[in-house]
Amino acid sequence: MNYRNFPMVPRVVFGRGSFSQLNDIITPKRKSINAPFIFLVDDVFRNNTWLTSRIALAYDDRVMFISADQEPTTSQVDDLVESIILSTKERPSGIIGIGGGTLLDLAKAVSIMLTNKGEAKDYQGWDLVKNPAIYHVAVPTISGTGAEVSRTTVLTGPERKLGINSDYTPFDQVILDSELTKDVPTNQWFYTGMDCYIHCVESLTGTYLNAFSQSYGEMALQLCEEIFLTDNLSKVDAQEKLMMASWHGGMSIAYSQVGVAHAMSYGLSYLLGTKHGIGNCIVFNHLEEFYPEGVKTFKAMKKKHNILLPEGICANLSDKEFDIMINVSLSLEPLWENALGKHWKKTITPKKLRSLYEKM
Ligand code: NAD
Ligand code: ZN
């Protein structure tokens, strides 16, 4: 047995208002006056001076506002890298991602591609990155994906939706300031929060489970149940706890794997552009046969918060489209193996997957 030697985020700040320390934290990392910090910021904050006024720019530092309406693509990463290279005198001192999983994944990928040749799509997979990334910092503004702590950056490329999984992917610094999540709309809060809940269920019921993953998974699961099922938490408590649930959920899958909901949601996302959080919810809602307890609790959470999920999103798909989705999903072998064991191909056939997708 060869155990994985897993890199972790070396530095983290946790605290309400800690975003104001960003400048002090990154200043010592400045390489020269010609090597700027590039802030990749979710477009949703463009006119939000409460947040943007606390980003202190010096020399050639730059804020780039980026929409999170679509999930990150490899070509978007390549374009960002090119525009950064063309507009800076020296390689940047660092990339700071401010936003949800979309912006955090972009920040990770850009920081890798600034020091590695070729195109982002060349690095989709496991351990293909040759050179360390430049300094990169995460400031999550919505909680659930675990992207702030994970070893991957999920990108949709010309051929596949697959992460750049590498030892150079994790952030060098994370700032966990729950106050930044205070204005997340309820539906989005639920979808991204459920991403965390589903990470826990898939990790804790998977065949890859081990004490490391279990300890983080159980903690995150308990936090999610408290946040989404009880009434006794203050808003601030709920925001802080969800931030920690996201972290623990991410740590849990770091040393195990996700499962059926993720494998199928990747198919939806590849074909229909369905975003990760809502896609996971749409799929998970129909997975009683794989996760009976988890789905029951999920439905109770959904009811409690009056969340209506889209239905019939696969109703008008052609055979060819179903096949594309099914192939993307089946290609995620580790996810299926974690969920159902080594002989998963006996139960998960294209026909079986089609019948599941047809319910969605
Ligand atoms: P997101 O970044 O896509 O954002 C969702 C929506 O919330 C956007 O409209 C965004 O503008 C808005 N938003 C974010 N913060 C807000 C705030 N404070 N106030 C108001 N609105 C706010 O959402 P997400 O669910 O965090 O991320 C999904 C992405 O994360 C997907 O691309 C998925 O592939 C990726 N992901 C990555 C990992 C990983 O380990 N790298 C894990 C899971 C998911
Ligand atoms: Zn996820």
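Placed above this text is the structure.
Residues numbered from 1 in each chain as written. Chains lettered and ligands numbered in written order. Predicted model: local features only at pLDDT ≥ 70, side-chain atom pairs only at ≥ 80, totals over all residues. Heavy atoms only, no water.

Among the nonpolar cores identified, the biggest contains 58 residues, and F190, Y197, M264, F284, L287, Y291 and Y357 are the most heavily contacted of them. Ignoring any residue separated from it by four or fewer positions in sequence, one finds Y291 in contact with V201, E202, T205, G259, V260, A261, F284 and A339. Counting residues in hydrophobic clusters, the runner-up holds 36 residues, among them V9, V77, A120 and I164. (Core = buried A, V, L, I, M, F, W, Y, C linked by side-chain atoms within 4.5 Å. Buried < 20%, exposed > 50% of the residue type's maximum accessible area, 1.4 Å probe, protein only. Contact = heavy atoms within 4.5 Å.)

Bringing helix α9 (residues 276-284) into the picture now. Most of α9 sits inside the fold, with nine of its nine residues counted as buried. The complete set of buried residues in α9 reads H276, G277, I278, G279, N280, C281, I282, V283 and F284. Structurally, α9 contributes buried residues whose contacts are with β8 (161-165), α5 (186-204), α8 (260-272) and α10 (292-304). (Helix = DSSP H or I, 4+ residues; strand = E, 2+ residues; numbered from the N terminus.)

The next subject is the coordination of the zinc ion (ligand 2). The zinc ion (ligand 2) binds to the protein through D195 (OD), H199 (NE2), H262 (NE2) and H276 (NE2); the donor distances cover 2.1 to 2.2 Å. Each of the four donor atoms bound to the zinc ion (ligand 2) contributes to angles spanning 88 to 167°, and the resulting shape is irregular. Donor residues for the zinc ion (ligand 2), ordered by position in the chain, follow D-x3-H-x62-H-x13-H. Of this pair, D195 sits in helix α5 while H262 sits in helix α8; the two residues are 67 residues apart in sequence, bridging distant segments of the chain. The same class applies to D195 and to H262, which are both buried. (Donors = N, O, S within 2.8 Å, 3.2 Å for Na, K, Ca; no water. Tetrahedral: all angles 85-135°; square planar, octahedral: opposite > 155°, others 65-115°.)

Looking at the element boundaries, F39 is found in strand β2 (residues 37-42). The sequence separation of F39 and D167 amounts to 128 residues, and the corresponding C-alpha distance is 22 Å. Those residues in contact with F39, other than ones at most four positions away along the chain, are L22, I26, I55, A56, L57, D61, R62, V63, M64, I96 and I98.

In this structure the tally under the stated criterion is 17 salt bridges. A salt bridge links K161 to E71, with the nearest nitrogen and oxygen atoms 2.8 Å apart. With a gap of 90 residues between them, K161 in strand β8 and E71 in the loop between β3 (62-66) and α3 (74-87) connect regions that are remote in the sequence. Note on K161: relative accessible area 4%, which makes it buried. Residue E71 is classed as buried on the basis of its relative accessible area, which comes to 16%. A salt bridge links E226 to K241, with the nearest nitrogen and oxygen atoms 2.7 Å apart. Of this pair, E226 sits in helix α6 (residues 211-229) while K241 sits in helix α7 (residues 235-254), placing them 15 residues apart in sequence. Residue classification places E226 among the partly exposed positions, given a relative accessible area of 24%. (Salt bridge = Lys/Arg side-chain N within 4 Å of Asp/Glu carboxyl O.)

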